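Listed below, chain by chain, are the residues.
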Amino acid sequence: MIVVAGGGAFGTALAVSLAANGPVGLWMRSPEAAEMAGRIRENTKRLPGVALPENIAVSADIDTVFEAETVLLALPAQQLRSFLEQFGERLSGKTLVACAKGIDVETMAGPVTLLERMVPDATSAMLTGPSFAADIARGLPTALTIACRDDEAGVRLQHALTTPSLRFYRTTDTRGAELGGALKNVVAIASGACIGKGYGDSARAALMTRGFAEMQRLAAFFEAEPQTLMGLSGFGDLTLTCTSELSRNYRFGLAWGRHEDFDKSLTVEGVHTALAVARLAEKEQIDMPITRLVADVVNGVLDVDDALQQLLSRPLKEE
Ligand SMILES: NC(=O)C1=CN([C@@H]2O[C@H](COP(=O)(O)OP(=O)(O)OC[C@H]3O[C@@H](n4cnc5c(N)ncnc54)[C@H](O)[C@@H]3O)[C@@H](O)[C@H]2O)C=CC1
Ligand SMILES: O=C(CO)COP(=O)(O)O
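All of the points below concern the structure found in this document. These numbers were taken from a predicted model, which means no experiment stands behind them. Position numbers for residues start from 1 in each chain and track the written sequence from start to end. By the order in which they are written, chains take letters starting at A while ligands take numbers starting at 1. Per-residue local features are limited, in this predicted model, to residues with pLDDT of at least 70; the limit for side-chain atom pairs, both in listing and counting, is 80 or more; totals at the level of whole chains, interfaces and linings are taken over all residues.

## What about the site of ligand 2?
Convention followed: As used in this record, a residue near a molecule or strand is one whose C-beta atom, placed from the backbone, is within 6 Å of it. Labels follow the DSSP assignment, with helices taken as runs of H or I lasting at least four residues and strands as runs of E lasting at least two, numbered in each case from the N terminus. Under the scheme applied here, ten amino acids are nonpolar (Ala, Val, Leu, Ile, Met, Phe, Trp, Tyr, Cys and Pro), four are charged (Asp, Glu, Lys and Arg), and all others, including Gly, are polar. Boundaries of every domain are those given by an automatic assignment or by a domain database.
Every one of the 13 residues lining ligand 2 counts as a neighbour, but Pro130, Ser131, Ser247, Arg248 and Asn249 are closest to it. Looking at the shell around ligand 2, the elements with two or more residues in it are helix H8 (174–196), helix H11 (232–243) and helix H12 (248–258). By residue number, the principal contributor to the shell around ligand 2 is H11, which donates three residues. Broken down by class, the residue content of the shell around ligand 2 amounts to four nonpolar, five polar and four charged. Taken domain by domain, the makeup of the shell around ligand 2 includes at least three residues from each of domain 1 (2–172) and domain 2 (184–313).

## Some points on the sheet that holds strand S7 (residues 142–148)
Filter applied, for reference: When DSSP finds at least two bridges between two strands, those strands are taken to pair. The axes used here are C-alpha line fits, helices contributing only the stretch in contact, and every angle between their N-to-C directions lies in the interval 0 to 180 degrees. Throughout, a pair of residues is in contact if the C-beta atoms placed from their backbones lie within 7 Å.
The eight strands lie next to each other as S3-S2-S1-S4-S5-S6-S7-S8, forming an open sheet whose pairing is mixed. The open sheet terminates on both sides in strands that have one partner only, identified here as strand S3 (56–59) and strand S8 (166–171). Recorded for the sheet is a direction-independent mean angle of 25 degrees between the axes of neighbouring strands. Pairing between strand S6 (residues 123–128) and S7: four bridges, direction antiparallel. Each bridged residue has a counterpart across the sheet, and for Met126 the counterpart in S7 is Ala147. Packed on one face of the sheet, H8 meets S6, S7 and S8 and runs near 40 degrees to S6. Of the strands in this sheet, S6, S7 and S8 are in contact with H11, which crosses S7 at around 145 degrees.

Set out below in structure tokens:
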């Protein structure tokens, strides 16, 4: 059986979609949240308004995760390492699919790299691509990427995870998939700030394009396949996240641009990824001005207005 570990918006939505194929487990850390979701058949905190099919077994018992052959890890990127420190030994031999989009600030590792380092005996993969939890949960058509270095395991996952509304493409380039999924969130924050500040759609298109150039530079440094960045996990997700108010990263940026507060309980992956990638880019001398400015605003070194001004007044150069 497939078990989804992590009962946030994304984990719950994936469980709802997978339930169309058969029984699925949903493990939540909080016993109270699991008890309530199991009883009223709804995750009211993270995915309100979506009914949980009866064949989703909701539990806070971690043994349900250890009993599964395939585990989808739907935790925020900054929580994955501590989860694996705690439970990694009990996950060896399993097929583990990270569903997080981000770079771990402590180790600079993406989700698949963390899995490979911390559970070396597992088959490690990543689920990524343009997909809002709310859309998946409503059964709207969604195309995703499964990234797995072991292509046979990738094919197996592709078939096991495909549902009537989720369509999976496949790649063995886990590094490219990790980078695309993580970096698009940083560019989405900048895009939100640009719109929030009132700079308009043309400026946003320029930002997205230059952000994509940054993504490609970092991917080249890590020897990821250029075409991975052109696909769903890169260009596809960048487009979605930089243009939709369903995105938390984009909304976070909008609030920055408008000088409004933002709900701190929401997961905004791009904040942490900007810090990790800006440090890495500085160390390795990779030109990533958008990421640098987002990190400077996060660190309180720069005000949002100054950061946007700096972006618009960069030296003239070739495209
Ligand atoms: N929400 C969405 O539309 C999408 C989210 N994702 C990715 O999925 C990941 C998770 O995001 P969401 O589910 O939206 O976040 P969320 O904020 O809705 O939920 C996160 C969940 O993780 C749980 N959690 C945190 N630390 C944990 C730990 N150590 N052990 C067990 N559970 C823990 C929390 O209790 C919470 O239920 C992120 O990396 C995000 O980028 C990817 C695609 C779409
Ligand atoms: O990754 C996502 C869509 O593909 C979700 O984006 P947010 O985390 O910004 O809400």
